[in-house]
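# Survey of secondary and tertiary structure
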Amino acid sequence: MNNKLPLSGVRVLLVDDEEDALTITRLMLELHGAEVVSAPAAGEGLEKVQTYAPDIIISDISMPQMDGYQFIRAVRNLPAHKGRNTPALALSAFNRPRDRASALDAGFLAYLSKPVLLQELITEIMITINSAAPWKKE
């Protein structure tokens, strides 16, 4: 087995209400070495970020009940030991500049428009994980 997979050992929490998108993205990330836990709703994602301790959160924006903006704000309100400072990347079908700005204002560190190229996603995951979180006060 190739130990040089680009996402080898990276723990990802993937949150998306679209089953096909969740399945395909999870498979793509796992094939490149990531350890992926998925959640089909933001509420479940909020629970999993506290128990799974991911290296990065990848979340859709447009979801019912709690959208991606509300989800990441809830994450940022968690205690530090429960996941508040976890780097997060937004994935969305929306691609207007204001959508990107809204995602960053809400607490995401990066924003990619769907459909996203696999190499672009992998690169952005690594950049986001290595970015210093602006809200991190520790």
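This text goes with the structure placed above it.
Residues numbered from 1 in each chain as written. Predicted model: local features only at pLDDT ≥ 70, side-chain atom pairs only at ≥ 80, totals over all residues. Heavy atoms only, no water.

## Looking at the overall build of the protein
Our working rule: Elements are defined by DSSP. Helices are runs of H or I of four residues or more, strands are runs of E of two residues or more, and each kind is numbered from the N terminus. To get the radius of gyration, use the C-alpha atoms; to get the globule rule, take the number of residues to the power 0.38 and multiply by 2.2 Å. Only protein chains enter the calculation, and the probe is 1.4 Å; a residue is then buried if its accessible area is under 20% of its type maximum, exposed if over 50%, and partly exposed in between. By definition, residues are in contact when any of their heavy atoms lie within 4.5 Å. All accessible areas in this document rest on Shrake-Rupley with a 1.4 Å probe, and a residue is counted as covered only by the protein chains that are shown. When charges are counted, neither His nor the chain ends are considered; positive counts come from Lys and Arg and negative counts from Asp and Glu. Working definition for charges: the position is that of NZ of Lys, CZ of Arg, CG of Asp or CD of Glu.
The helix and strand tally for the protein stands at five helices and five strands. Moving toward the C terminus, one meets the helices and strands of the protein in the order β-α-β-α-β-α-β-α-β-α. Against the globule reference of 14 Å for 138 residues, the protein gives a C-alpha radius of gyration of 14 Å, in line with a compact fold. Reported as C-alpha extents along the three principal axes, the dimensions of the protein are approximately 40 × 35 × 25 Å. For the protein, the residues scored as buried account for 43% of the 138 residues in total. Taking all contacts inside the protein whose residues are at least 6 apart in sequence as the whole, residues at least 24 apart take part in 64%. If you sum the accessible surface of the protein, you get close to 7400 Å²; carbon and sulfur atoms cover 53% of it. Side chains of the protein carry 14 positive and 17 negative charges; the gap between the two charge centres is 8 Å.

## Concerning the pattern of salt bridges
Threshold: Take a side-chain nitrogen of Lys or Arg and a carboxyl oxygen of Asp or Glu: if they are within 4 Å of each other, that pair is a salt bridge.
This structure, assessed with the given rule, holds six salt bridges. Its salt-bridge partner being aspartate 16, residue lysine 114 comes within 2.9 Å of it at the nearest N-O pair. Here lysine 114 is found in the loop between β5 (110-113) and α5 (118-130), whereas its partner aspartate 16 is found in the loop between β1 (11-15) and α1 (19-31), with 98 residues between them in sequence. Residue classification places aspartate 16 among the buried positions, given a relative accessible area of 5%. Across the pair arginine 96 and aspartate 99 runs a salt bridge, and its minimum N-O distance is 2.8 Å. Overall, aspartate 99 belongs to the buried group, its relative accessible area being 5%.

## Remarks on the environment of glutamate 30
With respect to the element layout, glutamate 30 can be found in helix α1. It is 18 Å that separates the C-alpha atoms of glutamate 30 and threonine 128, two residues lying 98 residues apart in sequence.

## Details of the sheet that holds strand β2 (residues 35-39)
Here is the rule: Two strands pair under a simple rule: DSSP has to find at least two bridges between them. Here, axes are lines fitted to C-alpha atoms. For helices the fit covers the stretch in contact, and angles between N-to-C directions go from 0 to 180 degrees.
Read from one edge to the other, the open sheet built from five strands follows the order β2-β1-β3-β4-β5, with strand pairing classed as parallel. If you trace the sheet from one side to the other, it starts and ends with β2 and β5, each paired once. When strand polarity is set aside, the average angle formed by the axes of neighbouring strands in this sheet is 20°. Packed on one face of the sheet, α5 meets β3 (56-60), β4 (88-92) and β5 and runs near 150° to β4.

## Side note on the packing of α1 against α5
For the record, the criterion: Should an angle lie under 35 degrees it is considered roughly parallel, over 145 roughly antiparallel, and from 65 to 115 roughly perpendicular; all remaining angles are considered oblique. Note on convention: the crossing is left-handed when the near helix lies turned anticlockwise from the far helix by less than a right angle, right-handed when the turn is clockwise. Three classes are used, and their members are as follows: Ala, Val, Leu, Ile, Met, Phe, Trp, Tyr, Cys and Pro are nonpolar, Asp, Glu, Lys and Arg are charged, and the others, Gly among them, are polar.
Axis separation between α1 and α5 bottoms out at 11 Å; the angle between their running directions is 70°. Classified by the angle their axes make, α1 and α5 are roughly perpendicular. Considering only the axes of α1 and α5, their crossing is right-handed. Packed against α1, whose contacting residues are Thr25, Met28 and Leu29, the element α5 presents Leu118, Leu121 and Ile125 at the interface. Here the contact of α1 with α5 is built from residues that sort into five nonpolar, one polar and no charged.

## Brief notes about the environment of glutamate 18
Mapped onto the secondary structure, glutamate 18 falls in the loop between β1 and α1. It is 8.9 Å that separates the C-alpha atoms of glutamate 18 and aspartate 60, two residues lying 42 residues apart in sequence.

## Thoughts on a negative patch on the surface
Which entries qualify depends on this criterion: Patches here are clusters of residues that have more than 30% relative accessible area and form no salt bridge, with a 9 Å joining cutoff for like charges and a 5 Å cutoff for nonpolar side chains (Val, Leu, Ile, Met, Phe, Trp, Tyr).
A surface patch of like charges, here negative, comprises Asp17, Glu18, Glu19 and Asp20. Looking at where glutamate 19 falls in the secondary structure, it is placed in helix α1.

All we've got here are geometric facts, nothing functional implied.
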